[in-house]
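These are the residues of each chain, in order.
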Amino acid sequence: MKSETWRRIDDCLADALELPVEERRAFLRLRLGDDEAVLAEALKLVGQAEGAEKLFSQGPMAGLSGLAAGSRLGPWELVKPLGTGGMGVVWLARRVDGQASMMAAIKLLPPALSGPLRGDSDLLQRFLMEKQILARLQHPNIARLLDASAGGGESPNFVMEYVEGVPLMEYLGTGNVDRLGLFLKICGAVEYAHANLIIHRDLKPQNILVEKSGEPKLLDFGIGKILNDPAGDASITLQRAFSLDYASPEQIRGGLISTATDVYSLGLILFEMMTGERARRWHDKALGEVLAETERFELPARDGLSADLLAVLRKATAVEEGRRYRSVSELARDVARVRDGMPVEARPAGLLYQLSCFARRNVLTVAASSVALLLICGLAVWGFVSAGQAEKERAVAVEKSRQLEVALGAEQAARLAGKEQEELARHLGRIARDGEARAEARVRDLLKVFDSLIASARWDVSRLPGGTSTGIKMLEKALSQIEVLEPTPAARANFLLLRAEAHSELAELYGGANSNVGNTEGAARNQEKAVALWKELRGIDRKNVNWERGWLDARFRMARGELKAFADGGLGPWKSWTFEYEGLLGRAPKNRLVARSVGSFYFWRGLRWPVVVAQRRKDWEKALTYFRLGADEAGGGRFVLRDMALTHKYLAGVAGMEPGQKLQHATEAMRLDRLRVKQDENDAGARIDLAFSVGSLADAHMVQGNYSTAQPGYLESFLIRKGLAVSDPNNAFVLRSLLYPIRLYGVMSARLKDWKALGGAVKEMEWAAETSRPKAGGLDIASLNYWKGLLALEAADRVGACRYGREASRLLEVEKGKTWIENPLVLQGLLAACEGLAR
Amino acid sequence: MDYAVAERLLEEWGRGDRESLDRLMGLVYHELHRMASGVLRSESTTNRTRPTSLVNELYLELQRQGRLETQGQKHFFSIAAFLMRQILVSHARKRNAQKRGSGFGVESLSEVMETGFDWREQPELIIALNDALARLEEFDPVKAAIVDMRFFADLSIESTAEALNLSPTTVKRHWAVARVWLYEQLQGV
């Protein structure tokens, strides 16, 4: 074809093909009407458009180069691709295995990875371990990893929480956004991950989505680690799992990765957020060039950036890791200071620098009155610079002003003092007012942050398996940071309240009923602090019932460990506690929090004052009544459910209770605990409780001889504990409680002659005997041998049966002196059967 | 293999000297061939778990091996797409030799398309397409290159645009015209 002719056709045809079908012919006639031959050719071609589109819609490799919508991947069905990245394709997926309908984003990695993962089981193990760690990251600003799989011939993939949001930079374009505030939230998420020893390694704006609510969500946490484990086999390092534009020098060099790596990337992200400009574009540069540039890269100054912010950004992106902020929280703190107009750490001159600016502007004024300097320093203290730092700066400032005075001469200073002093007074007055307002706002901010910290230590963190120690760490760190503050008078009560609550919470975390830490010393220390703080608070306003309640609760919590029954049956110290609690109730009979506190008191009184069984039962029934009164308290529902379930559990165990009532209480306890687990599947505390209530219901059935009803209960109780022990191998509480339910499951199975179940019990018992801490004792091993004996007997293996039987009776002989046996029936049954076997 | 055509495609590739280009072409051809024949041999299309196109995959693989340090992704895509076509055509030739005799008319083409169409089942059509592309290359090499990338290498509009230094809109326009022209050419097969 002649090239001019083709160019004409090509041009018009391309235009025509962009038009609706019915307009194309008219368009071509209009444009090419002057040349019959060309027009005919173009018309012929345009008529083929529909067929052509169909024919070429899927190339020969298309079917093989991508997953199709509707494909299944485990329980997930792919819906549509969400995008491609350097590391693979992300699909929107829907859960289709009958579970609650749920959407997720699935990241599929290049299949080249499946080779190494399939071939090397070590590598696969590490992949799965890492996945478990990541799955525990639960933070409102982090997209959760729901699952990950590799091997088995399919592409390695990560199933992540599906986040409906827009990419960070796009979001910033939508209007007026508090950029620093948003950035601080991002920092909060990264900080949380760091506290869990997880480094992101590939932070970039594309990995941060912002939801409609304005909440940022960080994606792909820690996936870089799985893919690029420096300790791991190099063959898994498919390609660099980070983007050059946001990578830190140590990443580019292939050096060691630390939290400073994320600090660096955050610096680049903040720069982009503030200026709308990507700090650098290196992704298509040659590696050698990048290596050279990374060593001298410094963020440029820009109009939108204040000197302070630039200093912060440069400190975050220092080439040497040692010169960066030591942690994300330090970076965040400085960014918050920029936002609040406070001096930043990144400029070491800090306050002094500001003072010298002020001094430069008002040399004489300042010289005239070194009081001014002191005042400003005072403001710095007021404005919550840490006490030590302010002290140092004040000293320097005073020294400086003295030098100034000397230099200028006191006489000259005095001469100029009159008029200038007046202005100074006005100036200082303004600073003081501003300072106070700012300080107030800052206290409010701080307290707000702290409040949410307490809440998250209580729920978001500590309810997770293994989260208690993280919760303690978070709270203690936060406490140490705010304890140095001097709140303004208006903020003081709030300040005290939060600290008091934090210490009470810490005491619970250290040694409470659901704690898996069991550190009584830590618990006592915090209880003491809490009491002192509540007392101070109460001193502010005695009419405040809630503070009164807090104080009473804190004192009682500290004392209750020591309170016991009294031989004479008298009330003893219980009398005064009862008096105090009833008094509080009298002051606020409708206060739900008070009702709950009183309920809790009666629960403890019933527990620790067990002289008369009837009294105990009455106390607990009373406790239930008060818990019900307090149950509708907004936000307190979960705690009340927990307390009520616990009380029902105890009531089910009260001696002398009619069997029917016992069963009723046990069933109610189980119902409440199931409700709690249903409300929040991640609540490890609720799951532990459920394990126990299912177990005690089984106990109630067993005592009545309903072995077949008890048997599955024990199994469920054991399996819940096993699940918790596997996901949290450091949970002392769970490890301690592994043996009981599985032993009883075995006992039930043996009595029911359910040999298949007994075989299962033996297997689980062997696992539990090894896993539990302390490890299984003689009695448990004896049971194990006894069961094995029974099973051998059933299999007509008389020799084996006798061997196991003898071993069991030998162990029981050793254990004979022990009085602690859950159920003497078991022991007797064992002995009898073993003797039978041995004969 | 027609190095001359490939060279024309890669004229802009300033950095690559002739020798390293040759070596790379050889390597890419070999690898693509290995990967493609694995895929083409398997008849089952139900187990589609490849997240990314073969060419993308190979790119990542070569980068992992450190063989693509200085060359950019776009140049690689140009070569690979061209080679992909060679591989598919030679595969089609082999298959065609095995199943002679089933010609294609205008009606049957539309008919086949109505009932679901798989290029891998139509070796003669791939050969005809290759011939048509050779003609297209004579007077519009850019379109031919786009067809290689979009159709044979299954690359996205965006990747294609980046590799050829064109805007996505331009690629879309070329691709639309190329399709109708090729379809027209295939009518007579």
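None of the values given here were measured: they were computed from a predicted structure. (Residues numbered from 1 in each chain as written. Chains lettered and ligands numbered in written order. Predicted model: local features only at pLDDT ≥ 70, side-chain atom pairs only at ≥ 80, totals over all residues. Heavy atoms only, no water.)

Caption draft 1: The arrangement of the overall build of chain B in detail. Secondary structure summary: chain B contains 9 helices and 0 strands in total. Order of helices (α) and strands (β) in chain B, N terminus to C terminus: α-α-α-α-α-α-α-α-α. Sorting the 189 residues of chain B into buried and exposed places 53% on the buried side. Within chain B, contacts between residues separated by at least 24 positions form 66% of all contacts whose residues are at least 6 apart in sequence. For chain B, the computed accessible surface area is about 8,700 Å², with 46% contributed by carbon and sulfur atoms. (Helix = DSSP H or I, 4+ residues; strand = E, 2+ residues; numbered from the N terminus. Buried < 20%, exposed > 50% of the residue type's maximum accessible area, 1.4 Å probe, protein only. Contact = heavy atoms within 4.5 Å. Areas by Shrake-Rupley, 256 points an atom, 1.4 Å probe, with all protein chains shown as cover.)

Caption draft 2: Inspection of the packing of helix α2 (residues 21-32) of chain A against helix α3 (residues 36-46) of chain A at higher detail. Residues and elements named next belong to chain A. Where α2 meets α3, the axes come as close as 10 Å, and the angle between the chain directions of the two elements is 160°. For the element pair α2 / α3, the angle class is roughly antiparallel. With respect to the hand of their crossing, α2 and α3 are arranged in right-handed fashion. Where α2 approaches α3, its residues Arg24, Arg25, Leu28, Arg29 and Leu32 are matched on the opposing element by Val38, Leu39, Ala42, Leu43 and Val46. Each residue belonging to the contact of α2 with α3 can be placed in one class, and the counts come to 7 nonpolar, no polar and 3 charged. (Axes fitted to C-alpha atoms, helices over the stretch in contact; angles between N-to-C directions. Parallel < 35°, antiparallel > 145°, perpendicular 65-115°, else oblique. Left-handed = near helix turned anticlockwise from the far one by under 90°. Nonpolar A, V, L, I, M, F, W, Y, C, P; charged D, E, K, R; others polar.)

Caption draft 3: Broad picture of the pairing of strand β8 (residues 208-211) of chain A. All names here are of chain A. The sheet contact formed by strand β7 (residues 165-167) and β8 spans 3 bridges and is antiparallel. Across the sheet, residue valine 166 finds its bridge partner in β8, namely valine 210. When β8 meets strand β9 (residues 216-218), the two strands line up antiparallel, connected through 3 bridges. Paired with leucine 209 across the bridge in β9 is lysine 217. Connecting the antiparallel pair β8 and β9 is a turn made up of 4 residues, with glycine 214 showing a positive phi of about 90°. (Pairing = 2+ DSSP bridges.)

Caption draft 4: Layout of the packing of aromatic side chains. All names here are of chain A. Enumeration over the complete set of coordinates arrives at 20 aromatic pairs over all chains. With centroids separated by 5.3 Å and ring planes inclined at 65°, the aromatic side chains of phenylalanine 556 and tryptophan 577 adopt a geometry described as edge-to-face. Pair noted here: phenylalanine 556 is in helix α24 (residues 545-560) and tryptophan 577 is in helix α25 (residues 573-587), with a separation of 21 residues, a long-range link. Accessibility classification places phenylalanine 556 together with tryptophan 577 in one group, the buried group. Taking the centre distance of 4.6 Å and the plane angle of 20° together, the rings of tyrosine 581 and phenylalanine 601 count as stacked. Placement of the pair is tyrosine 581 in helix α25 and phenylalanine 601 in helix α26 (residues 592-608), with a sequence separation of 20 residues. Taking the relative accessible area as the measure of exposure, tyrosine 581 reaches 1% and is therefore buried. For phenylalanine 601, a relative accessible area of 0% corresponds to the buried category. An aromatic cluster of at least three residues, connected via ring pairs, comprises Phe556, Trp574, Trp577, Tyr581, Phe601, Tyr602 and Tyr626. Lying over the aromatic face of tryptophan 551, arginine 555 brings its terminal NZ or CZ to 3.8 Å of the ring centre. One residue, arginine 721, lies across the ring of phenylalanine 692, its end atom 4.2 Å from the ring centre. (Phe/Tyr/Trp six-rings, centres within 6.5 Å; stacked < 30°, edge-to-face > 60°. Lys NZ or Arg CZ within 6 Å of the ring centre and 35° of its normal.)

Caption draft 5: Inspection of the pairing of strand β4 (residues 103-108) of chain A at higher detail. All names here are of chain A. Burial of β4 is extensive: 5 of the 6 residues sit out of reach of the surface. Direction of pairing for β4 relative to strand β6 (residues 157-161): antiparallel, over a ladder of 5 bridges. Pairing of lysine 107 across the sheet is with phenylalanine 158, part of β6.

Caption draft 6: Main features of unusual backbone geometry. Residues and elements named next belong to chain A. The phi angle at arginine 201 is positive, at roughly 80°, despite the residue not being glycine. Accessibility expressed as a relative area gives 11% for arginine 201, which makes it buried. One non-glycine residue, lysine 753, adopts positive backbone phi at about 55°. Taking relative accessible area as the criterion, lysine 753 reaches 56% and is therefore assigned exposed.

Caption draft 7: Just the nonpolar core, in detail. Membership of the largest hydrophobic core comes to 67 residues, with the highest contact counts inside it found for Leu13, Leu28 and Phe56 of chain A together with Val55, Trp119 and Leu129 of chain B. With 12 residues, the top contributor of residues to this core is helix α4 (residues 73-98) of chain B. Leucine 28 of chain A has contacts with Cys12, Leu13, Ala16, Gly33, Leu39, Ala42, Leu43 and Val46 of chain A, leaving out every residue within four places of it along the chain. Among the nonpolar cores identified, the runner-up in size contains 57 residues, and Leu172, Val177, Ile252 and Val335 of chain A belong to it. (Core = buried A, V, L, I, M, F, W, Y, C linked by side-chain atoms within 4.5 Å.)

Caption draft 8: Structural detail: the sheet that holds β7 of chain A. All names here are of chain A. Reading across from one edge, β7-β8-β9 is the order of the 3 strands in this open sheet, with antiparallel pairing throughout. Of all the strands in the sheet, the pair left with one neighbour each is β7 and β9. This sheet shows a mean twist of 35° between the axes of neighbouring strands, independent of strand direction. The sheet strands contacting helix α9 (residues 179-195) are β8 and β9, and the helix crosses β9 at an angle near 35°.

Caption draft 9: Representation of the pattern of salt bridges within the structure. Within this structure, the stated rule accounts for 35 salt bridges over all chains. Measuring nitrogen to oxygen at the nearest pair gives 3.8 Å for the salt bridge that ties glutamate 41 of chain A to lysine 44 of chain A. Here the residue glutamate 41 of chain A and the residue lysine 44 of chain A both occupy positions in helix α3, the gap between them amounting to 3 residues, near one helical turn. A relative accessible area of 22% places glutamate 41 of chain A in the partly exposed class. Accessibility expressed as a relative area gives 40% for lysine 44 of chain A, which makes it partly exposed. For arginine 314 of chain A, the salt bridge goes to glutamate 298 of chain A, with nearest N and O atoms at 3.9 Å. In this pair, arginine 314 of chain A is assigned in helix α14 (residues 307-316) and glutamate 298 of chain A in the loop between α13 (287-294) and α14, connecting sequence segments 16 residues apart. Under the relative-accessibility criterion, arginine 314 of chain A is labelled partly exposed at 29%. Here the salt bridges share partners, and the residues they tie into one network are Asp15, Glu18 and Arg31 of chain A together with Arg173 of chain B. (Salt bridge = Lys/Arg side-chain N within 4 Å of Asp/Glu carboxyl O.)

Caption draft 10: View of the environment of alanine 40 of chain A. All names here are of chain A. By the element assignment, alanine 40 lies in helix α3. Assessed through its relative accessible area of 46%, alanine 40 is described here as partly exposed. Separated by 11 residues in sequence, alanine 40 and arginine 29 place their C-alpha atoms 9.3 Å apart.

Caption draft 11: Helix α7 (residues 141-152) of chain B, seen in detail. The end-to-end C-alpha distance of α7 of chain B is 15 Å, a good match for the 16 Å that 12 residues give at a rise of 1.5 Å each. Lys143, Ala144, Ala145, Ile146, Val147, Asp148, Met149, Phe151 and Phe152 of chain B are the residues of α7 of chain B that are buried. (Expected span 1.5 Å × (residues − 1).)

Caption draft 12: Looking closely at helix α1 (residues 3-17) of chain A. Counted at 1.5 Å a residue, the expected span for α1 of chain A with its 15 residues is 21 Å, and the 20 Å between its end C-alpha atoms agrees. When we look at burial in α1 of chain A, the residues that qualify are Trp6, Ile9, Asp10, Cys12, Leu13, Ala14, Ala16 and Leu17 of chain A. Of the surrounding secondary structure, the elements contacted by the buried residues of α1 of chain A are α2, α3 and α4 (49-55) of chain A together with α6 (123-139), α7 and α9 (168-186) of chain B.

Caption draft 13: A look at the confidence of the model for chain B. All names here are of chain B. Per-residue confidence for chain B gives a mean pLDDT of 69, with 51% of residues at or over 70. Ranking the elements of chain B by mean pLDDT puts helix α1 (residues 3-9) last, at 42, and α9 first, at 91. Below a pLDDT of 50 lies the segment residues 1-16, which in the model reaches 28 contacts outside its immediate sequence neighbourhood of four places, other chains included. Below a pLDDT of 50 lies the segment residues 100-107, which in the model reaches 8 contacts outside its immediate sequence neighbourhood of four places, other chains included. Interface scoring of the predicted complex returns ipTM 0.79; its pTM is 0.39. (pLDDT = per-residue confidence, 0-100.)

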